[in-house]
Each structure stands twice: as C-alpha cells, then as structure tokens.
Amino acid sequence: MLRPAGARTGSSAAANRNLTIAAAAFLALDGAALVFAATWQHELMLGVVGALLVVAAALVVVFWRWHRRQLEEIAAARRALREEAEALRELLNGA
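Residues numbered from 1 in each chain as written. Predicted model: local features only at pLDDT ≥ 70, side-chain atom pairs only at ≥ 80, totals over all residues. Heavy atoms only, no water.

Trainee: Help me out: how do you make sense of the overall build of the protein chain in this one?
Mentor: Tallying secondary structure elements over the protein chain gives two helices and zero strands in all. For the protein chain, with 95 residues in total, the buried portion stands at 8%. Taking the contacts inside the protein chain whose residues are at least 6 apart along the sequence as the reference set, 49% of them involve residues at least 24 apart. Entry remark: accessible area of the protein chain is about 7600 Å², with carbon and sulfur atoms responsible for 69%. (Helix = DSSP H or I, 4+ residues; strand = E, 2+ residues; numbered from the N terminus. Buried < 20%, exposed > 50% of the residue type's maximum accessible area, 1.4 Å probe, protein only. Contact = heavy atoms within 4.5 Å. Areas by Shrake-Rupley, 256 points an atom, 1.4 Å probe, with all protein chains shown as cover.)

See below:
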C-alpha cells in the first residue's frame with residue numbers, strides 16, 4: 001500500500017513515542033545512577049557526567065516535541081497545497 005511521503009500510521013507514531021520515552025528513560029536512569037554513585041564515592045566527575053546524562057534525557061524529549069510540531073506544520077502545509085491544487089484543477093476543468 002502506497003502512502004504519501006510524511007503520512008504516518010497510528011502504530012508508527014506510537015512506536016516513535018515509545019522509542020523516545022525508552023531512550024530518555026535510559027539516559028535519565030543512567031544519569032541518576034551516576035549522580036548517586038558520585039555522591040556515595042565523593043567523585044566530582046561522575047556527578048558531572050551523570051548530570052550531563054540527565055540533561056541529555058531532557059533534551060531528547062524537548063527535541064522530540066519540536067520534531068513532532070515540525071511534522072504537524074508540514075502536514076498542514078501539504079493539506080493546504082492539496083486543497084489549492086484541487087481548486088485550480090476544478091477551475092481549469094470548469095473553464
């Protein structure tokens with residue numbers, strides 16, 4: 001079955017969401033574990049790396065939301081272009 005470029009199925013969007021959540025959770029868990037280990041062992045660099053992983057987890061979610069907004073804008077532009085093309089086609093066929 002052929003779909004227009006950019007068309008997404010419900011299962012594809014759910015898989016994308018689940019993968020993003022898993023990646024962010026993995027980064028956050030690793031970061032939290034490193035921060036805990038840093039406080040337990042009094043190691044500054046472990047804490048820095050752990051904090052960076054927690055920040056990376058937050059950035060994964062932020063950029064994923066930005067990406068979804070961009071996809072929605074592209075889909076809206078495609079719908080508008082399709083409607084305009086249909087109007088032009090009707091105008092040409094009616095004349």
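That covers the picture; the talk isn't over yet.
Trainee: What is the right way to look at the side chain of T20 in this model?
Mentor: Mapped onto the fold, T20 is located in helix α1 (residues 10-41). Engagement of the side chain of T20 in a polar contact is seen with the backbone oxygen of N16, the distance being 2.9 Å. Those residues within four positions of T20 in sequence are excluded, and the remaining contacts are V60 and W64. (Polar contact = N/O pair within 3.5 Å; in protein donor to acceptor, adjacent residues only side chain to side chain.)

Trainee: What should I look at first to understand unusual backbone geometry in this one?
Mentor: Outside of glycine, negative phi angles account for most residues, and trans bonds account for most peptide bonds. The backbone of H42 sits at a positive phi, close to 55°, despite the residue not being glycine. Secondary-structure assignment places H42 in the loop between α1 and α2 (44-94). According to the relative accessible area criterion, H42 is exposed, its value standing at 72%.

Trainee: In this structure, what is going on with the pattern of salt bridges? I would like to understand it.
Mentor: Oppositely charged side chains are able to pair whenever their charged atoms sit close together. A full pass over the atoms with the stated rule returns one salt bridge. The residue E86 makes a salt bridge to R89 at a minimum N-O spacing of 2.6 Å. Placement of both E86 and R89 in helix α2 is noted, with a separation of three residues, approximately one turn of the helix. The class for R89 is partly exposed, based on a relative accessible area of 45%. (Salt bridge = Lys/Arg side-chain N within 4 Å of Asp/Glu carboxyl O.)

Trainee: Help me understand the environment of A24 in this model?
Mentor: Turning to its location among the elements, A24 is positioned in helix α1. On a C-alpha basis, the gap between A24 and V61 in space is 6.8 Å, while along the polypeptide they are 37 residues apart. Setting aside residues no more than four positions away along its own chain, A24 makes contact with A57, V60 and V61.

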